[in-house]
Amino acid sequence: MTDENEENDDEGAWLQLRPVEPLPSQCCGSGCSPCVFDLYHRELARWEAARASKDRSLLNGEEPQSCPSRLSPETFLAFRISAMDRLTEDTYRVRFAVPRNSQLGLRPGQHLILRGKVDDLEIQRAYTPISPANAEGYFEVLIKCYETGLMSRYVKSWSTGDTTFWRGPFGDFFYKPNQHGELLMLASGTGLAPMVPVLQSITDNAEDETFVTLVGCFKTFEGIYLKTFLQEQARFWNVRTFFVLSQENSLEKLPWSYREKTRFGRLAQDLIEELVSSCRRKPFALVCGSAEFTKDMARCLLCAGLAEDSYFLF
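Every value quoted in this text rests on a predicted model; they were computed, and no experiment measured them.

What follows is about the nonpolar core. The biggest cluster of nonpolar side chains holds 31 residues, and the ones touching the most others in it are L183, M185, L192, V198, I224 and L286. Looking at this core, the elements with two or more residues in it are β7 (182–188), α4 (195–203), β8 (211–218), α5 (227–233), β9 (239–245) and β11 (283–288). If you tally residues by element for this core, the top one is α4, at 5 residues. Other than its neighbours up to four places away in sequence, I224 contacts F218, L230, F243, L245 and Y258. Of all hydrophobic cores here, the second largest spans 24 residues; its members include L77, I81, Y92 and F139.

And the structure:
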């Protein structure tokens, strides 16, 4: 073989090692840092340096396929599904086992990125664990499935015992006990997820005297997630819960315990102003839901007198 052929073969081998640029579907769109594209450019720079010096030892090894002891924002780790519960027609609560009965290492309200594969297309989506931040040996997430969603197809294929891959944590909200006089939580659908661990961290801490007003927006009473948990939390002296149902119109059809704290229609300016004025202390608002819901709530909060630094949009 000539030197020229050897060089061509060597060049071909390097090109096979070149990182593959992610598809748009592989970005979850949540503004994570590092994003999948950040990781790609980092790997590409490493590959270019290794190729220039003809030193393959500069390349990273392959991604581990078993779960190391620490969660990482850059590397997907394996977690086994230990339980799946169907909460509503289209929403599941899924529990994942954390090895060695250890804690996941998230702050309340932080989220993870799930990697899935459908028809040879890799996809990534963000989900916020609803389990307590100090849960040992497991974490849980709420996942809503959509008829045309690629990740939904992947989730619907799961069975107990399957292995899934996650990276994280991500998220800029860091809760500190007694930092705010009152938290006004505005959640739509699965936007309830980041509120759950924050709320539980407050009620689990006897020294945290933060007031909480949680407003959950759902289509129907049957569609309210985690009813038992929310009812238990509402028994604490510093917690109030309210519900806004967009497709219900009769209080008589609701259990007595929900009638005084349920409104019909949509969460709008008049109710936001009523909630803000009824807060027992100066509120700091947390908002999570669809992009449209988040935008509307931010506008309503500003009109109700809250400053831009008095709310956080998940």
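What follows concerns the UniProt feature "binding site: FAD" (unreviewed entry) in the protein chain. In the numbering used here, UniProt assigns the feature "binding site: FAD" (unreviewed entry) to R125, Y127, L142, K144, M151 and S152. These annotated residues cover 28 residues of sequence, and their C-alpha atoms all fall within 13.3 Å of one another, placing them together at a single site. The topology assignment puts L142 in strand β5 (residues 138–144). A residue is classified by how much of its surface remains accessible, and K144, at 25% relative accessible area, is partly exposed.

Among the 7 residues in strand β2 (residues 91–97), 5 count as buried, and that is most of the element. Pairing between strand β1 (residues 77–86) and β2: 6 bridges, direction antiparallel. Paired with R86 across the two strands is Y92, which belongs to β2. Counted between consecutive antiparallel strands, the loop separating β1 from β2 contains 4 residues. Pairing of β2 with β5, which is carried by 7 bridges, proceeds in the antiparallel orientation. Paired with V94 across the bridge in β5 is V141.

For the pair helix α7 (residues 269–278) and helix α8 (residues 291–303), interaxial distance at closest approach is 9 Å and the crossing angle is 55°. Taken as axis vectors, α7 and α8 run oblique relative to one another. Viewed along their axes, α7 and α8 form a crossing whose handedness is right-handed. Contact residues: Q269, I272, E273 and V276 in α7; M297, R299, C300, L301 and C303 in α8.

Let us now look at α7. Where α7 is concerned, the buried positions are Q269, L271, I272, L275 and V276. Along the long axis of α7, the arc covered by the buried residues comes to 165°, so they all point the same way. Turned more than 90 degrees from where α7 packs its buried face, D270 and S277 sit exposed. Next to the buried residues of α7 lie β7, β8, β9, β10 (262–264), β11 and α8.

The next thing to look at is the pattern of salt bridges. Side-chain pairs of opposite charge can arise where the charged atoms are in close proximity. Overall, the coordinates contain 5 salt bridges when judged by the stated rule. Two residues, E182 and R280, come together in a salt bridge whose shortest N-O distance is 3.0 Å. In this pair, E182 sits in strand β7 while R280 sits in the loop between α7 and β11, placing the two residues 98 residues apart along the sequence. The salt bridge involving R263 is made with E274; its shortest N-O contact spans 2.6 Å. With R263 in strand β10 and E274 in helix α7, the pair connects residues that are 11 residues apart, well separated along the chain.

Cut-off values and rules
Residues numbered from 1 in each chain as written. Predicted model: local features only at pLDDT ≥ 70, side-chain atom pairs only at ≥ 80, totals over all residues. Heavy atoms only, no water. Core = buried A, V, L, I, M, F, W, Y, C linked by side-chain atoms within 4.5 Å. Buried < 20%, exposed > 50% of the residue type's maximum accessible area, 1.4 Å probe, protein only. Helix = DSSP H or I, 4+ residues; strand = E, 2+ residues; numbered from the N terminus. Contact = heavy atoms within 4.5 Å. UniProt positions renumbered as here; feature names shortened; annotations may be inferred. Pairing = 2+ DSSP bridges. Axes fitted to C-alpha atoms, helices over the stretch in contact; angles between N-to-C directions. Parallel < 35°, antiparallel > 145°, perpendicular 65-115°, else oblique. Left-handed = near helix turned anticlockwise from the far one by under 90°. Arc of directions from axis to C-beta. Salt bridge = Lys/Arg side-chain N within 4 Å of Asp/Glu carboxyl O.

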